[in-house]
Amino acid sequence: MGPTPSISITIQDEPDVVIARTEAKYLAREIGFDQVDQSRIATVASELAVNVLRHAHQGVMRASLLQQNGLFGLEIVFQDQGPGIPDVESAVNGTSPPNGKNSLGLSATKILVDEFEIESQVGQGTTVVIRKWMRC
Ligand SMILES: Nc1ncnc2c1ncn2[C@@H]1O[C@H](COP(=O)(O)OP(=O)(O)OP(=O)(O)O)[C@@H](O)[C@H]1O
Ligand SMILES: [Mg+2]
């Protein structure tokens, strides 16, 4: 394989969500993920990009190839400087959302990936990191 493939996309408008989804899926395919995992990765990218747009108005998605102990994987980072999340645990579990309706985006995302990290500070912003490894 050539140099580490990576992408960086600014998310600030509806079409950027489609670009984020498409580019993440494309990179997943390039790395060698099967079609089911490509779809999972596309779904995750879409959910997290929508979150950036809807809750923080703008941010960036960075995706890159991982290589560790002979395994290939994909890391995607979503970073914004939006309002942050006051109760990260509830947000991630999809429980007691502020608006009273069930939130499924983050909890579903967590299930679809191997590693899920979220760091958020009120008034500073939110960073979500997901990693998915290729089965061998
Ligand atoms: N990037 C973000 N910046 C600020 N708040 C966020 C961000 N992402 C998520 N949140 C907060 O976490 C909550 C849970 O997010 P989640 O994606 O699970 O649900 P949702 O976006 O409200 O609804 P949906 O089920 O349509 O995704 C949101 O309601 C929002 O309050
Ligand atoms: Mg959401």
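Being a predicted model, the structure only gives us computed values, none of them experimental.

Colleague: I would appreciate a short explanation of the overall build of the chain in the present structure.
Modeller: For the chain, the count of helices and strands is 4 helices and 5 strands. Along the chain, from the amino end to the carboxyl end, the secondary structure elements read β-α-α-β-β-α-α-β-β. Across its three principal axes, the chain shows a C-alpha extent of roughly 45 × 25 × 25 Å. Here the chain holds 136 residues, and the buried ones make up 28% of them. Taking the intrachain contacts of the chain between residues at least 6 apart in sequence as the baseline, contacts between residues at least 24 apart amount to 60%.

Colleague: Would you take a moment to explain the pairing of strand β4 (residues 115-121) for this structure?
Modeller: It is a general feature of regular strands that their side chains alternate between the two faces of the sheet. As judged from the 7 bridges shared by β4 and strand β5 (residues 125-133), these two strands associate in the antiparallel manner. Looking across to β5, one finds that Ile118 is bridged to Val128. Hairpin connection of β4 to β5: 3 residues between the antiparallel strands, including Gly123 at a positive phi of 85 degrees.

Colleague: Hey, could you run me through the site of ligand 1 in this one?
Modeller: Around ligand 1 there are 20 residues in total, and His55, Ala91, Ser103, Gly105 and Leu106 lie nearest to it. Contributing elements (two or more residues each) for the shell around ligand 1: α2 (35-56) and α4 (105-112). Per element, the largest residue contribution to the shell around ligand 1 is 5 residues, and it comes from α2. A per-class count over the shell around ligand 1 returns 9 nonpolar, 9 polar and 2 charged.

Colleague: Just checking my understanding: could you explain the environment of Gln124 for this structure?
Modeller: Checked against the element boundaries, Gln124 lands in the loop between β4 and β5. Residue Gln124 is classed as partly exposed on the basis of its 13 C-beta neighbours within 10 Å. For the pair Gln124 and Ser103, spaced 21 residues apart in sequence, the C-alpha to C-alpha distance is 22 Å.

Colleague: I'm lost on the sheet that holds strand β3 (residues 71-80) in this one. Help?
Modeller: On the basis of which strands lie adjacent, the open sheet formed by 5 strands has the order β1-β2-β3-β5-β4 and antiparallel pairing. In this open sheet, the two strands that pair with only one neighbour each are β1 (6-11) and β4. If you compare each strand with its neighbour and ignore which way they point, the axes differ by 15 degrees on average. With 10 bridges joining them, strand β2 (residues 59-68) and β3 adopt antiparallel strand pairing. Residue Arg62 lies in a different strand from β3, and its bridge partner there is Val77. Sitting on the sheet, helix α1 (residues 14-31) is in contact with β1, β2 and β3, with an inclination near 170 degrees to β1.

Colleague: Whenever I open this one, α2 confuses me. Can you help?
Modeller: One turn of the α-helix equals 3.6 residues, which is why residues spaced by three or four share an orientation. Compared with an ideal rise of 1.5 Å per residue, which puts 22 residues at 32 Å, α2 spans 31 Å between its outermost C-alpha atoms and is within 8% of the ideal. Among the residues of α2, Asp37, Ile41, Val44, Ala45, Leu48, Ala49, Asn51, Val52, Leu53 and Ala56 are the ones counted as buried. Next to the buried residues of α2 lie β1, α1, β2, β3, α4 and β5. Following α2 by one or two positions, His57 has its phi on the positive side, about 75 degrees.

Thresholds applied
In this convention, every chain numbers its residues from 1, walking through the sequence in written order. Ligands are numbered from 1 and chains lettered from A, in the order in which they are written. Selection of residues for local features in this predicted model requires a pLDDT of at least 70, selection of side-chain atom pairs for listing and counting requires 80 or more, and totals for whole chains, interfaces and linings are taken over all residues. Labels follow the DSSP assignment, with helices taken as runs of H or I lasting at least four residues and strands as runs of E lasting at least two, numbered in each case from the N terminus. With C-beta atoms placed from the backbone, a residue counts as buried when 20 or more other C-beta atoms lie within 10 Å of its own, as exposed when 12 or fewer do, and as partly exposed for counts between those limits. Each residue gets a C-beta atom placed from its backbone, and two residues are in contact if those atoms lie within 7 Å. The criterion for strand pairing is that DSSP finds at least two bridges linking the strands in question. The rule is simple: place the C-beta atom from the backbone, and if it lies within 6 Å of a molecule or strand, the residue is near it. Side-chain classes follow a simple rule in which Ala, Val, Leu, Ile, Met, Phe, Trp, Tyr, Cys and Pro form the nonpolar group, Asp, Glu, Lys and Arg form the charged group, and the remainder, Gly included, forms the polar group. Only the contacting stretch of a helix is used when fitting its axis, a line to C-alpha atoms as for every element, and angles between N-to-C directions run 0 to 180 degrees. Helix span, as expected, comes to 1.5 Å for every residue beyond the first.

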